[in-house]
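# Structural characterization, general
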Amino acid sequence: MRPIPESVSKTFYIETFGCQMNVHDSEKVRGLLEQRGYSRVKSADEAGLVLYNTCSIRDKAERKVFARLSQIKRRSAGKTVGVLGCVAQHNGAEIFERAPHVDFVCGSASYNALPGILDRVEAGESRVAGLELDTDETFDVPRVDRVRAYTAYITIIEGCDKACTYCVVPFTRGPERSRSSASVMREAAHLQELGYTEITLLGQTVNSYSDPSPAGWSFARLLDEIGRLPRIRRVRFTTSHPSDFTPDIVEAIDRNESLCDWVHLPVQSGSTSVLRAMRRTYSRDDYMRCVAMIKAAARRIELSTDIIVGFPGETESDFQQTLGLLDEVEYASVFSFKYSARKGTVAAGMPQIPEAVKGRRLIELQQRQREIQIRRNAELIGRTEEVLVEGWRKRFGQWIGRTTQNRVLNFADPEGLATGRDLRGTYCQARVTAAGPNSLVGELASPSARAAFQGLRVLQ
Ligand code: SF4
């Protein structure tokens, strides 16, 4: 046992890797630590407790975590080091062998166990592991230390029952379990009271949501109810699975102005044979039918997606079908990756594609998508869009805004600058004056009339 020096024991630093689910998990962990009397510091060097909330979706993300652990090793004297999240769950107690200075590991489905783990660690114990796939967890947590002041995450479903052959999530986050609609609505109403105006509903397969309570709400019903909260101006949800994207979800978006005009719908490949090898449960035609249904909505709903290139067995013709799909769908944005084998998955045992081929395909795909985004974003020049202002780009003298279609629109407000007007957290109308592949540039047209209820938030 190694006693924790009193001077540093109640400070913590947490670094988060990976998706929004992990970002939100870290918010919950921060809330828990603050309740236990810990205070957050800005760097690992200042902290008594250093936590890494990890992602193992790709090999690169996992290597990054171990690189971070070896960096902290040199500076860990007197510190307690913990590994949370997917790498902890995926590698388990092996982490103690690879990084002996790690004091505890806690998997992404074991956060319920974290207080008990901390009790043991605070008592000076080391090599404490919490790796159970706890499926009885409550989604209600007493305190969440949220990253931003006006946009908030709510977890509505955890885990995944799909079995994509490349994915570790079913092992790291366990089987799918939905949160009761009453619990979701309680949190949404609480966020509204706190002044949040944008909510993002989270889940690995968010649209597979199925209310476990007697109320039995569908995902579309949940969207409807949250969409009706009077002071919630924007509702997003991610990530959707194409197989569970039912027409009632599009109808709910059509009915509720506050549901954003954006759907993230991972396709992964444009080839049915690759989709079959991935066990994605839909064909290219199924996916395109889903896209057509979303595009037929009353409002223009923008789509983004995830694509894996170089999946085992992907031929040149398969890859060309993926490029063709980009042209057909015209996504607003694409997150694309080279396939990387993950330990314990079915695809890791399949014959692999050479790295050079994967690299070439990724560049080609990104170039094709870049051209689409340049063209599509240029079409927006001259239009006025409503944005939620998320930050300030000091170097460029621009506010960072996000449109309902999830595009970044940076804009100037020379008049407001002179008076020191802080627009963060407000909704503004901005006119698009220029466009690049990844963002738009504009100028303030007017603060939105509909923002009146919210007032200007004062931010440090
Ligand atoms: S749907 Fe597939 S890729 Fe997504 S979390 Fe589940 S198993 Fe992983």
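Residues numbered from 1 in each chain as written. Predicted model: local features only at pLDDT ≥ 70, side-chain atom pairs only at ≥ 80, totals over all residues.

In this section: the site of the ligand. Every residue lining the ligand is accounted for by Cys 160, Lys 162, Cys 164, Cys 167, Val 169, Pro 170, Gln 204, Thr 205 and His 241. Partitioned by chemical class, the residues of the shell around the ligand number five nonpolar, three polar and one charged. (Near = placed C-beta within 6 Å. Nonpolar A, V, L, I, M, F, W, Y, C, P; charged D, E, K, R; others polar.)

Residue placement: Ser 183 occurs in helix α8 (residues 181-194). As a C-alpha pair, Ser 183 and Ala 356 span 173 residues in sequence and 49 Å in three-dimensional space. (Helix = DSSP H or I, 4+ residues; strand = E, 2+ residues; numbered from the N terminus.)

The next point concerns the domain arrangement of the protein. Where interface size is given, it is often the accessible area lost as the parts come together that is meant. Structurally, the protein comprises domain 1 (6-130), domain 2 (151-378) and domain 3 (384-453). Taking the mean C-alpha position of each, domain 1 and domain 3 sit 36 Å from one another. (Domains from an automatic or database assignment.)

This part is about the packing of helix α9 (residues 219-227) against helix α10 (residues 247-255). At a closest axis distance of 8 Å, the pairing of α9 and α10 adopts a crossing angle of 10°. It follows that α9 is roughly parallel to α10 by the angle criterion. When α9 is examined against α10, the residues Phe 219, Ala 220, Leu 223, Asp 224 and Gly 227 are found in contact with a partner set consisting of Asp 248, Ile 249, Glu 251, Ala 252 and Arg 255. Its residues assigned to classes, the contact of α9 with α10 comprises five nonpolar, one polar and four charged. (Axes fitted to C-alpha atoms, helices over the stretch in contact; angles between N-to-C directions. Parallel < 35°, antiparallel > 145°, perpendicular 65-115°, else oblique. Contact = placed C-beta atoms within 7 Å.)

Pairing between strand β16 (residues 398-403) and strand β17 (residues 408-412): four bridges, direction antiparallel. When the sheet's bridge partners are listed, Arg 402 is paired in β17 with Val 408. What sits between the antiparallel neighbours β16 and β17 is a turn of four residues, in which Asn 406 has the positive phi angle 70°. (Pairing = 2+ DSSP bridges.)

On to the nonpolar core, then. Ile 154, Ile 156, Ile 199 and Leu 303 are the most contacted members of the largest nonpolar core, which has 99 residues in total. Inspection of this core shows a minimum of three residues originating in each of domain 1 (6-130) and domain 2 (151-378). In contact with Ile 199, not counting residues within four places along its chain, are Ala 152, Ile 154, Ala 188, Leu 191, Ile 226, Ile 232 and Val 235. Counting residues in hydrophobic clusters, the runner-up holds 14 residues, among them Val 389, Trp 399, Tyr 427 and Ala 430. (Core = buried A, V, L, I, M, F, W, Y, C linked by C-beta atoms within 7 Å. Buried ≥ 20, exposed ≤ 12 C-beta atoms within 10 Å, placed from the backbone.)

As a further point, take the packing of helix α13 (residues 316-329) against helix α14 (residues 355-378). Close contact between α13 and α14 brings their axes to 10 Å; oriented N to C, the two are set at 15°. Regarding the angle of α13 to α14, the classification is roughly parallel. The two elements α13 and α14 meet at a crossing, and its hand is right-handed. Residue-level inspection shows Phe 319, Thr 322, Leu 323 and Leu 326 of α13 in contact with α14, the latter providing Arg 361, Leu 365, Arg 368, Gln 369 and Ile 372. (Left-handed = near helix turned anticlockwise from the far one by under 90°.)

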